[in-house]
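Examination of the molecular architecture
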Amino acid sequence: MKKIMITLATSAILATSNAAKIQDTKSLVVYYSQTGVTETVAKLIQEKTHADIEAIIAENPYDGDFNATIQRSMKEREAGIECKIKPLHKDISKYDTIYIGYPIWYGTYAPPVATFVKNINAEGKVIIPFCTFGSGGLETSIADLKKNLKNTTILDGYGIRTARIDKASAEINFFFETLNGTAPKRPEFSEQKPVKQEEKAIFQQACGNYPMPLGSPVSVGSRTINKTIEYKFTAETISPDGTPTTSTIYVVKEPNETPEFTKVVR
């Protein structure tokens, strides 16, 4: 099985201390999926955990294409309109661990999940987020969960680019190994150094076809795991308000494969 980079930041200490909290507990996978990609991840997690599972359903579905969905959700957000969702059949109070899944819109969880989070009582529960995205957003969505779900234990969770959904099964196996404290230790990335032409070419191969500009790489660190090279690029770019800024872009290069970027952290 190929060893591939996952977008997972749970530390060994946190994983070990929380492993007991998610073992032998009653668990629920609850998720929102517009296109079926997040649903794919939800079902993989359900198969791994044997948890109960239920979808979050918007009363007025977001059933247009990407642009139509973004335009509608932007108008709703600007107008302060909350996305109404259908009542869940599962009783949240009966579960100890809740896996919450969502696509990333505007850097955080999609509006149906925002409504779900706003209206549940999750006090004392372990929350494990998972998400799908175009470029990134796991970290910012977790920060928002922590703001809105007080008195809960929120783990760092799992995220994957929609373009890499075929890698999800192997990544989720490693995700659970990390949660349970049994994952093999991975080396740290090397110190950031100015990018060379060869590394710029790898960055371009991985990011050149992405529909939005990801910036220009200025430095890079790397590590090798079972012949797979993982790169951590620092890129200079311009924020939407015109301010120069930097982002961190992770790229993986497997043997005989085209480089792929796995996430962007802004």
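Structure shown above.
What comes next concerns the included structure.

The rules behind these values
Residues numbered from 1 in each chain as written. Predicted model: local features only at pLDDT ≥ 70, side-chain atom pairs only at ≥ 80, totals over all residues. Heavy atoms only, no water. Core = buried A, V, L, I, M, F, W, Y, C linked by side-chain atoms within 4.5 Å. Buried < 20%, exposed > 50% of the residue type's maximum accessible area, 1.4 Å probe, protein only. Helix = DSSP H or I, 4+ residues; strand = E, 2+ residues; numbered from the N terminus. Contact = heavy atoms within 4.5 Å. Disulfide = S-S within 2.5 Å. Phe/Tyr/Trp six-rings, centres within 6.5 Å; stacked < 30°, edge-to-face > 60°. Pairing = 2+ DSSP bridges. Right-handed = clockwise from strand over helix to strand, strands pointing away. 1 Å grid on protein atoms, 1.4 Å probe; cavity = no way out; pocket = protein on both sides within 12 Å on 5 of 7 lines; lining within 4 Å. Points joined across faces, edges and corners; volume = space filled by probe spheres on them. Nonpolar A, V, L, I, M, F, W, Y, C, P; charged D, E, K, R; others polar. Salt bridge = Lys/Arg side-chain N within 4 Å of Asp/Glu carboxyl O. Axes fitted to C-alpha atoms, helices over the stretch in contact; angles between N-to-C directions.

With that settled, the discussion passes to the nonpolar core. Grouped together as the largest cluster of nonpolar side chains are 30 residues, with contacts concentrated most on Ile100, Tyr102, Val113, Phe116 and Leu149. At the level of secondary structure, the elements contributing two or more residues to this core comprise strand 1 (27-31), strand 3 (97-105), helix 4 (111-118), strand 5 (126-133) and helix 5 (138-148). The element that contributes the greatest number of residues to this core is strand 3, accounting for five residues. Discounting chain neighbours no more than four positions away, the residues touching isoleucine 100 are Val30, Val113, Phe116, Ile127, Ile128, Pro129, Phe130 and Leu149.

Under the definition given, this model contains zero disulfides. Left without a disulfide partner, cysteine 131 is nearest to the cysteine sulfur of cysteine 207, which lies 18 Å away. Given the relative accessible area of 0%, cysteine 131 is considered buried. The class for cysteine 207 is buried, based on a relative accessible area of 7%.

This next bit is on the packing of aromatic side chains. Counted according to the given criterion, the structure contains ten aromatic pairs. Residues tyrosine 158 and phenylalanine 175 carry aromatic rings whose centres are separated by 5.8 Å and whose planes lie at 50° to one another, so their mutual orientation is tilted. You can see tyrosine 158 sitting in strand 7 (residues 158-161) and its partner phenylalanine 175 sitting in helix 6 (residues 168-179), a full 17 residues away along the chain. Take tyrosine 158: its relative accessible area is 0%, and that puts it in the buried class. Centroid distance tyrosine 210 to phenylalanine 261: 5.4 Å. Interplanar angle 85°. Geometry classified as edge-to-face. Of this pair, tyrosine 210 sits in the loop between helix 7 (197-207) and strand 9 (216-225) while phenylalanine 261 sits in strand 12 (residues 260-265), and the two are 51 residues apart along the sequence. Judged by relative accessible area, which is 16%, tyrosine 210 ranks as buried. Members of the aromatic cluster, connected to one another through ring pairs, are Tyr99, Tyr158, Phe175 and Phe176.

A separate point is the pairing of strand 2 (residues 52-55). As paired elements, strand 1 and strand 2 share four bridges and run parallel to each other. Within strand 2, the position partnered with valine 29 by the bridge is isoleucine 53. You can see the chain leave strand 1, run along helix 2 (residues 37-49) and come back into strand 2, and the turn it takes is right-handed.

The calculated volume of the largest pocket comes to roughly 1200 Å³. Ile104, Gly134, Ser135, Tyr210 and Met212 are the residues nearest the centre of the largest pocket, which is lined by 44 residues in total. Listing elements by their share of the lining of the largest pocket, those giving two or more residues are helix 2, helix 3 (66-79), strand 3, strand 5, helix 5, strand 10 (228-238), strand 11 (244-253) and strand 12. No other element matches the four residues that strand 11 contributes to the lining of the largest pocket. Residue composition of the lining of the largest pocket, grouped by class: 20 nonpolar, 20 polar and four charged.

Right, let's get into the pattern of salt bridges. Between side chains of opposite charge, a pair can form as their charged atoms come close. For the coordinates displayed, the defined rule picks out twelve salt bridges. The residue arginine 164 makes a salt bridge to glutamate 171 at a minimum N-O spacing of 2.9 Å. An identical accessibility class is assigned to arginine 164 and glutamate 171; each is buried. Within this structure, Arg164, Asp166, Lys167, Glu171 and Glu260 form a network of salt bridges that share partners.

If you trace the five strands from one edge of the open sheet to the other, you get 8-9-10-11-12, paired in antiparallel fashion. Whereas interior strands pair on both sides, the edge strands pair on one side only; in this sheet they are strand 8 (193-194) and strand 12. Judged from the ten bridges that link them, strand 10 and strand 11 form a sheet pairing that is antiparallel. By the bridge assignment, lysine 232 is partnered in strand 11 with tyrosine 250. Across the face of the sheet, helix 7 comes into contact with strand 8, strand 9, strand 10, strand 11 and strand 12 while running at roughly 85° to strand 11.

When glycine is set aside, most residues are seen to have a negative phi, and most peptide bonds are trans. A positive phi angle is found at tyrosine 106, which is not glycine, with a value near 60°. Relative to the elements of secondary structure, tyrosine 106 occurs in the loop between strand 3 and strand 4 (108-109). Positioned with a positive phi, asparagine 226 is a non-glycine residue whose angle comes to about 50°. With respect to the secondary-structure elements, asparagine 226 resides in the loop between strand 9 and strand 10. Judged by relative accessible area, asparagine 226 falls into the exposed class, the value being 55%.

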